[in-house]
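Take a look at the letters that make up each chain.
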Amino acid sequence: MLDREGPVPIYKQVADLVRDQIERGELKAGDPVPSEATLEKTYEIARTTARRVARELREQGLAYTIQGEGTFVGPPGTPRSPRKLPIYQKIATEIIERIQQGEIPSNRPIPGEKAMMRQYGVAKVTARQAVAHLRELGWVFTVPYRGTYVTEREKWPKHPGS
């Protein structure tokens, strides 16, 4: 699929493949462009190469990026396609479920940033948003230089979904 020996840089080849998806209507205005992690896995490329794909699409006027949220099809200001939950909230919800099921007990650490980045294919900033969200809701507390731990059961939020 990719010509790794030819004169065209890999990031340009991948950007062309994404552009083809846009032109065929598989990706519509406001849809998220595949994440860096998805591009890495799909095309077996480095993170820096995946980052250059997004930059190439922006330079071609095919996409725009919102820090911490992703790159989306269309020019800046294009309304984004509705998503049920931002990805950081989806991650937080899954961790809450694991806490409630007893998979992650009180006073035990939740998965770290690197583990979340790997598991969910997200950037560090998104993993940090998920942890901050859990902290704001009262499910976890952070000990500097040690990690983030599950709050004692008696202190869990009263509304399970929150």
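Scroll up a little and you will see the structure.
The residue numbers shown here count from 1 along each chain, following its written sequence. Only residues with pLDDT of at least 70 get local features here, since the model is predicted, and only at 80 or more are side-chain atom pairs given and counted; chain-wide, interface and lining totals rely on the full set of residues. To get the side-chain values, take all heavy atoms of the structure and skip hydrogens and water.

Chemist: For this particular structure, what's the right way to read the overall build of the protein chain?
Modeler: By the criteria applied, helices consist of DSSP H or I runs no shorter than four residues and strands consist of E runs no shorter than two, each listed in order from the N terminus. Check the secondary structure of the protein chain and you find six helices and four strands. Secondary structure of the protein chain in N-to-C order comes out as α-α-α-β-β-α-α-α-β-β. With the principal axes as the frame, the protein chain shows a C-alpha extent of 60 × 35 × 25 Å. In what follows, residue pairs with any heavy atoms lying within 4.5 Å of each other are defined as contacts. Within the protein chain, residue pairs in contact and separated by at least 24 positions form 51% of the contacts whose partners lie at least 6 positions apart. Per-residue accessibility takes into account occlusion by the displayed protein chains alone, with areas from the Shrake-Rupley method and a 1.4 Å probe. Carbon together with sulfur atoms contributes 52% to the accessible area of the protein chain, which is approximately 10000 Å² in total. Positive charges come from Lys and Arg, negative ones from Asp and Glu, while His and the chain ends are left out of the count. One atom stands in for each charge, and that atom is NZ of Lys, CZ of Arg, CG of Asp or CD of Glu. One finds the centroid of the 26 positive side-chain charges in the protein chain at a distance of 6 Å from the centroid of its 20 negative side-chain charges.

Chemist: Please explain the packing of helix 4 (residues 87–100) against helix 6 (residues 124–137) as it appears in this structure.
Modeler: In a pair of packed helices, the angle between the axes and the distance between the axes together describe the arrangement. To obtain an axis, a line is fitted to C-alpha atoms, over the contacting stretch when the element is a helix, and the angle between two such axes runs from 0 to 180 degrees between their N-to-C directions. Running from N to C, helix 4 and helix 6 cross one another at 55 degrees; their axes reach a closest spacing of 8 Å. Compared by their axis directions, helix 4 and helix 6 come out oblique. Considering only the axes of helix 4 and helix 6, their crossing is right-handed. Residues I87, Y88, Q89, I91, A92, I95 and I96 of helix 4 form the contact with helix 6, whose own contacting residues are T126, Q129, A130, H133, L134 and L137. Each angle gets one of four labels, with under 35 degrees taken as roughly parallel, over 145 as roughly antiparallel, 65 to 115 as roughly perpendicular, and the rest as oblique. Should the near helix be turned counterclockwise from the far one by less than a right angle, the crossing is left-handed, whereas a clockwise turn marks it as right-handed.

Chemist: What should I look at first to understand the side chain of T126 in this one?
Modeler: Residue placement: T126 occurs in helix 6. Those residues within four positions of T126 in sequence are excluded, and the remaining contacts are G68, I87, Y88 and I91.

Chemist: Could you clarify how one ought to interpret the packing of aromatic side chains in this entry?
Modeler: The relative placement of two aromatic rings is captured by the distance of their centres and the angle of their planes. Only Phe, Tyr and Trp rings take part, Trp by its six-membered ring, and two of them pair if their centres are within 6.5 Å. Stacked means planes under 30 degrees apart, edge-to-face means over 60, and tilted covers everything else. Applying the stated criterion across every chain yields a total of three aromatic pairs. The interplanar angle of 35 degrees and the centroid separation of 5.8 Å between the aromatic rings of Y64 and F72 together place this pair among those described as tilted. With respect to class, Y64 is no different from F72; both count as buried. Taken together, a centroid distance of 5.9 Å and an interplanar angle of 25 degrees make the contact between F141 and Y149 stacked. Over the ring of F72 we find R80; its NZ or CZ atom is 5.0 Å from the centre of that ring. Here's how the labels work: a residue is buried when its accessible area is under 20% of the maximum for its type, exposed when over 50%, partly exposed in between, all with a 1.4 Å probe on protein chains only. Each ring is checked for a lysine NZ or an arginine CZ that lies within 6 Å of its centre and within 35 degrees of its normal; such an atom marks a charge sitting over the ring.

Chemist: Explain the environment of L2 to me, please; I cannot follow it from the model alone.
Modeler: Its location among the elements puts L2 in the segment before helix 1 (10–23). Separated by 137 residues in the primary sequence, L2 and W139 place their C-alpha atoms 45 Å from one another. Contacts of L2, omitting those with residues within four sequence positions, involve I10, Q13, V14, L17, Y43 and I45.

Chemist: Help me understand the pattern of salt bridges in this model?
Modeler: A side chain with one charge may pair with a side chain of the opposite charge, provided their charged atoms come close. Any carboxyl oxygen of Asp or Glu that lies within 4 Å of a side-chain nitrogen of Lys or Arg is treated as forming a salt bridge with it. Within the structure shown, the criterion is met by 10 salt bridges. Linked by salt bridges that have partners in common, E36, E40, R47 and R51 make up one network.

Chemist: Would you mind going over the pairing of strand 1 (residues 63–66) with me for this structure?
Modeler: Every other side chain in a regular strand lies on the same face of the sheet, so the side chains alternate between the two faces. Pairing of strand 1 with strand 2 (residues 70–73), which is carried by four bridges, proceeds in the antiparallel orientation. Counterpart to I66 in the pairing with strand 2 is G70. Pairing between strands is defined by DSSP: at least two bridges between them are needed. Here strand 1 folds back onto strand 2 in antiparallel fashion, the turn holding three residues, of which G68 has a positive phi close to 80 degrees.

Chemist: Help me understand the environment of E113 in this model?
Modeler: One can find E113 in helix 5 (residues 113–120). Judged by its relative accessible area of 27%, E113 falls in the partly exposed class. N or O atoms closer than or at 3.5 Å make up a polar contact, with two conditions inside protein: a donor-capable atom paired with an acceptor-capable one, and, for residues adjacent in sequence, both atoms drawn from side chains. In this structure the side chain of E113 is engaged in a polar contact, spanning 2.7 Å, whose partner is the side chain of R128.

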